[in-house]
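Results of the structural survey
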Amino acid sequence: MPDTNKVRKVSIIKNTEKPIQNYRFISQTIFMLITIWIGIEYAIFIFRLEGNALEVYRPSGVESFLPISALMSTVYYLRTGIIHAIHPAGFMIFAGIVAMSFYVGKSFCSWVCPVGFISELVGDFGEKIFKKKISMPKFLDIPLRTLKYLLLLFFASSIIPMSAIELRFFLDSDYNIAADIKMFEFFRSLSQFSFIVLMSLLVLSVLFKNFWCRYLCPYGALLGFIGLFSIHKISRNTETCIDCSLCDKACPSKIPVSKRKLVISDECTSCVQCIDVCPVKDTLEFRTLPAKTYSNKLVVLITAVIIFTLILSAGIISGKWNNSVSTAKYKELYENRNSLGH
Ligand code: SF4
Ligand code: SF4
C-alpha cells in the first residue's frame, strides 16, 4: 500500500524531468541504419568477388558480427600487447562495448545493439497484439537465464586457456580470415533447420519480450557480468519513494527496482525506463561510484555512446580498422569457402 503521507509530500515535489526514451530510440535507429548500410556494402563486396572485379572494398564494420574472433583477438592482445591484424575493427568494437559497460552497465544492449533493437521492436509488436506483457513462468525464467552464461562459459573456457601461439595460429588461419564470408553464406543459403530455428526465435521474441537477449545472447551475458562493476548504478532514494511500483512495471528486465536501494543486476540494460516513469523528483537517479555523486541520466547515457564512438574513431584514425588482406586472397577464400574448416 502506498504511504499516504509520502503521497502528500510528493504532490509538491513532482518529477518534471523529461523522459529520454526518444533519445534512446534515435540512438538505436542511427546504429541500425549504420548496420544496414554495412550489410549493403558487404553484399556488394560479395557480388564483386563473384563478378571477378579487379578491386573489392570490404566494410570492416562487418567484424562486429564476429564476436568469437573479437574475443580471441582480445585475449591475444592481453597476452602480447599486439592488436592482431586480421580483424582489427572487431577488436576495436569489442573494446568499445566493454568500455561502455564499465561506464554504465549493459547500456550497449539498449542504446546501440541492432539485435537488441529488433528484439525490442518485435516484443513491442507482441505486446500490441496480445494487449499485455507476457512473462515467462518463474520456474522456467531462472534456468533459461543461465543458458547465455553456459554459452559464455563454453567460449571463455575454450579461448582463455589458449597460448599466444595457439591464438595466433587460429587468428591467422584462412578460416578466421573468411569468417564473415562464411557468415554471409550461412544466411544466404539458410538450411531448413536454421530457418526453423530463426523463425522459432522470432515467434518466441513476439511472445516474450527480449527473448534472445534475456536467455541466449552470450555477449549480453558478458556485458551483464562487466556491468556489475560499472561506475554508474541506478539508486533509489528510500526517503522520497512512495512505493508506487511504477518502476517495477516499466522495467523490461523485470527487476524489482522499488525493492532496491541500488540496482545491481546483470539484467539491467540502463534503458532508464524506470527513471523515466518515476513520479517523484530525484528518487531514481544515476549514482556515480565510488564518488557517490548523482548524475543526469541523459548525460550519462550520451557519454556512454560517445565513449563507444570515440574508441571506434581511435581505431579508424590509428589505422587499426581495415585489414590488409588482398583482393586476390579474398577471391581465393571465396572460391574455397565450402572447404574451409573441414
Ligand atoms: S527499467 Fe531500470 S532497472 Fe530495468 S533494465 Fe531499464 S534501467 Fe535497468
Ligand atoms: S522509485 Fe519506483 S516505487 Fe519509488 S516512487 Fe519511483 S517509481 Fe514509485
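Here, the structure is the one placed above.
Here goes a summary of the coordinates provided. (Residues numbered from 1 in each chain as written. Chains lettered and ligands numbered in written order. Predicted model: local features only at pLDDT ≥ 70, side-chain atom pairs only at ≥ 80, totals over all residues. Heavy atoms only, no water.)

**What about the sheet that holds strand β2 (residues 262–263)?**
Two strands in a sheet stick together by hydrogen bonds in their backbones, pointing the same way (parallel) or opposite ways (antiparallel). Overall, antiparallel pairing links the four strands, which are arranged β2-β1-β3-β4 in an open sheet. Looking at strand neighbours, the two that pair on one side only are β2 and β4 (293–295), the edges of this open sheet. Both strand β1 (residues 232–236) and strand β3 (residues 284–288) contribute to a ladder of five bridges, which runs antiparallel. Across the sheet, the residue bridging to serine 235 is glutamate 285, located in β3. (Pairing = 2+ DSSP bridges. Helix = DSSP H or I, 4+ residues; strand = E, 2+ residues; numbered from the N terminus.)

**Some points on the packing of aromatic side chains**
On inspection of all chains with the given rule, the structure shows 14 aromatic pairs. Ring geometry for tyrosine 42 and phenylalanine 45: centres 5.1 Å apart, planes at 50°, overall tilted. Here the residue tyrosine 42 and the residue phenylalanine 45 both occupy positions in helix α2 (residues 21–50), the gap between them amounting to three residues, near one helical turn. Its relative accessible area of 3% is what places tyrosine 42 among the buried residues. Pairing tyrosine 77 with phenylalanine 91 gives two aromatic rings, centres 5.1 Å apart and planes at 55°, and the pair type is tilted. With tyrosine 77 in helix α3 (residues 67–80) and phenylalanine 91 in helix α4 (residues 88–104), this pair connects stretches of sequence that are 14 residues apart. Using a relative accessible area of 7% as the deciding quantity, one classes phenylalanine 91 as buried. (Phe/Tyr/Trp six-rings, centres within 6.5 Å; stacked < 30°, edge-to-face > 60°. Buried < 20%, exposed > 50% of the residue type's maximum accessible area, 1.4 Å probe, protein only.)

**Quick notes on the site of ligand 2**
Taken together, 14 residues are adjacent to ligand 2, and Cys241, Cys244, Ser245, Cys247 and Cys278 come closest. In terms of residue class, the shell around ligand 2 is made up of nine nonpolar, three polar and two charged. (Near = heavy atom within 4 Å. Nonpolar A, V, L, I, M, F, W, Y, C, P; charged D, E, K, R; others polar.)

**Side note on the layout of surface pockets**
If you add up the space inside the second largest pocket, you get close to 290 Å³. Along its surface, the second largest pocket is lined by 14 residues, and Leu71, Thr74, Phe94, Val98 and Leu222 are the ones closest to its centre. Listing elements by their share of the lining of the second largest pocket, those giving two or more residues are α3, α4, α7 (138–159) and α13 (218–227). Per-element accounting of the lining of the second largest pocket gives the leading share, five residues, to α4. Classifying every residue of the lining of the second largest pocket by side-chain character gives 13 nonpolar, one polar and no charged. (1 Å grid on protein atoms, 1.4 Å probe; cavity = no way out; pocket = protein on both sides within 12 Å on 5 of 7 lines; lining within 4 Å. Points joined across faces, edges and corners; volume = space filled by probe spheres on them.)

**A closer look at the nonpolar core**
One finds Phe108, Ile234, Leu284, Phe286 and Phe308 to be the most contacted residues of the largest nonpolar core, which totals 56 residues. Sorting elements by how many residues they give to this core places α4 first, with 10 residues. If you look at the next biggest cluster of nonpolar residues, it comprises 19 residues, including Ile177, Val325, Tyr330 and Leu333. (Core = buried A, V, L, I, M, F, W, Y, C linked by side-chain atoms within 4.5 Å.)

**Side note on a nonpolar patch on the surface**
A contiguous nonpolar surface patch, about 640 Å² in accessible area, is contributed by Phe186, Phe187, Phe195, Ile196, Leu198, Met199 and Leu202. For the nonpolar patch, the elements supplying multiple residues, two or more each, are α10 (179–188) and α11 (192–207). With five residues, the top contributor of residues to the nonpolar patch is α11. Relative to the helices and strands, methionine 199 is located in helix α11. Take methionine 199: its relative accessible area is 35%, and that puts it in the partly exposed class. (Patch = residues over 30% accessible without salt bridge, like charges linked within 9 Å, V, L, I, M, F, W, Y side chains within 5 Å. Areas by Shrake-Rupley, 256 points an atom, 1.4 Å probe, with all protein chains shown as cover. Salt bridge = Lys/Arg side-chain N within 4 Å of Asp/Glu carboxyl O.)

**Considerations on the site of ligand 1**
Neighbouring ligand 1 are 13 residues; Cys251, Cys268, Cys271, Val272 and Cys274 lie closest to it. Its residues assigned to classes, the shell around ligand 1 shows nine nonpolar, four polar and no charged.

**Concerning α7**
Here α7 spans 33 Å end to end across 22 residues, near enough to the 32 Å set by a 1.5 Å rise per residue. Residues of α7 that are buried include every one of Asp141, Lys148, Leu152, Ala156 and Ile159, and no others. Looking at the buried residues of α7, the elements they touch are α3, α8 (164–171), α12 (211–216) and α13. (Expected span 1.5 Å × (residues − 1). Contact = heavy atoms within 4.5 Å.)

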